[in-house]
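# Topology and contacts: notes
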Amino acid sequence: MKYSTLLFDVDDTLLNFQAAEHAAMKKLFESIGQPLTPAVYQDYHQLNESLWQRYELGEISRQELLDTRFTLFFSKYGQTVDGQAYEKRYRDYLAEGHSPMPQAKQLLADLNANHDIFVVTNGIAKTQHRRLNESGLAPYFTNVFASETVGVQKPDPKFFDYVAQRIDGFSKPKSLVIGDSLTSDIKGPTAYGLDSVWFNPTHKINKTPAKPTYEIDQLLRLEAIV
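Parameters and conventions
Throughout, residues of each chain are indexed from 1 in the direction in which the sequence is written. pLDDT decides what is reported in this predicted model: residues at 70 or higher carry local features, side-chain atom pairs at 80 or more are listed and counted, and totals for whole chains, interfaces and linings draw on all residues regardless. Side-chain figures throughout are based on the complete set of non-hydrogen atoms in the structure, without hydrogens or water. Any two rings among Phe, Tyr and Trp, with Trp reduced to its six-membered ring, count as a pair given centres within 6.5 Å; such a pair is stacked if its planes are under 30 degrees apart, edge-to-face if over 60, and tilted if neither. Partly exposed describes any residue whose relative accessible area lies between the buried limit of under 20% and the exposed limit of over 50%, with all areas from a 1.4 Å probe on protein chains only and scaled to the type maximum. In our convention, an over-ring charge means Lys NZ or Arg CZ found within 6 Å of a ring centre and within 35 degrees of that ring's normal. Numbering of helices and strands runs from the N terminus; a helix is a DSSP stretch of H or I covering at least four residues, while a strand is a stretch of E covering at least two. We call two N or O atoms a polar contact when they sit within 3.5 Å, provided that within protein one can donate a hydrogen and the other can accept it, with sequence-adjacent residues counted only if both atoms are side-chain atoms. Counted as salt bridges are all cases of a side-chain nitrogen of Lys or Arg within 4 Å of a carboxyl oxygen of Asp or Glu. Between N-to-C directions, angles span 0 to 180 degrees; the directions come from axes that are lines fitted to C-alpha atoms, helices contributing only their stretch in contact. Any angle that is under 35 degrees is reported as roughly parallel, and any over 145 degrees as roughly antiparallel; angles of 65 to 115 degrees are reported as roughly perpendicular and all others as oblique. Handedness of each helix crossing follows the sense of rotation of the near helix against the far helix: counterclockwise by less than a right angle gives left-handed, clockwise gives right-handed. Throughout, a residue-residue contact means that at least one pair of heavy atoms, one from each residue, lies within 4.5 Å. Gly falls in the polar group here, along with every residue not listed as nonpolar (Ala, Val, Leu, Ile, Met, Phe, Trp, Tyr, Cys, Pro) or charged (Asp, Glu, Lys, Arg).

## With respect to the packing of aromatic side chains
In the structure shown here, the tally under the stated rule is 14 aromatic pairs. With a centroid separation of 5.3 Å and an interplanar angle of 75°, the aromatic rings of F159 and F160 are classed as edge-to-face. With a relative accessible area of 0%, F159 lands in the buried category. Members of the aromatic cluster, each reached through a chain of ring pairs, are F29, Y44, F70, F73, F74, Y77, Y86 and Y90. In this structure, K172 is placed above the aromatic ring of Y192, and the distance from its NZ or CZ to the ring centre is 4.0 Å.

## Focus: the environment of E215
Mapped onto the fold, E215 is located in strand β6 (residues 214-216). With a relative accessible area of 47%, E215 lands in the partly exposed category. Residues E215 and Q153 lie 62 residues apart in sequence; the distance between their C-alpha atoms is 23 Å. A polar contact of 3.0 Å, which involves the side chain of E215, links it to the side chain of N200.

## Things to note about the pattern of salt bridges
Pairing between side chains becomes possible if they bear opposite charge and their charged atoms approach one another. Per the counting criterion, the structure on display carries 11 salt bridges. Here R62 ties to E148 by a salt bridge, and the two come within 3.0 Å at their closest N and O atoms. Here the residue R62 occupies a position in helix α3 (residues 62-75), and E148 occupies one in helix α7 (residues 147-150), the gap between them amounting to 86 residues. The exposure class assigned to E148 is partly exposed, which follows from its relative accessible area of 31%.

## Section: the packing of helix α1 (residues 17-31) against helix α2 (residues 38-56)
Describing two packed helices takes the angle between their axes plus the distance from one axis to the other. One can describe the packing of α1 onto α2 by two numbers: an axis separation of 11 Å at closest approach and a directional angle of 120°. The angle between α1 and α2 falls in the class oblique. Considering only the axes of α1 and α2, their crossing is right-handed. Contacts between α1 and α2 involve Q18, E21, H22, M25 and F29 on the former and, on the latter, V40, Y41, Y44, H45 and N48. Per-class residue counts for the contact of α1 with α2 are five nonpolar, four polar and one charged.

As structure tokens, this is what we get:
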């Protein structure tokens, strides 16, 4: 066994965030009586991704992101809305989305006996806990480390330092980070001296300086690595 401690990202690694996000947006737009067209959804998705990237870079706070993303989004369409109220409604809908990614349950069940498994996420702690519980994945994890409770976000090495200090017997050579985001799940561990696995099911081209130790396109292929 090469790695004994496994640190998993959640969104689009273990749980299908894209599906949850789209379903939540659809419910939000239904609740306000507006149509959610593919173009409008894509606009939101791009804006949201850019805000999360700014958060990862430390340019904005998590609270600023949550308080302003819907205000910013609807202002693009000439609408003034209560962004915080829309955020709360959206987050409630988002928490209902907990479909596991293909092979996620089998992978965790296979690894559970011989590995210590943790979650490392930039997602909202309350939302992630609910989604993990309702998906049935929560029992496989020793602990869930969310950036809002850690006080710093991936990819900051301080996030991984916080995690390392709270795992008994933590060893860098025996620890592995698994995630789909090059900017947070690969860049962060590399800066902290950890090996990483880029989960890349759609075979995206890596155009960033971040270099994963491994790359897989199916979750079960992780078993041959660990």
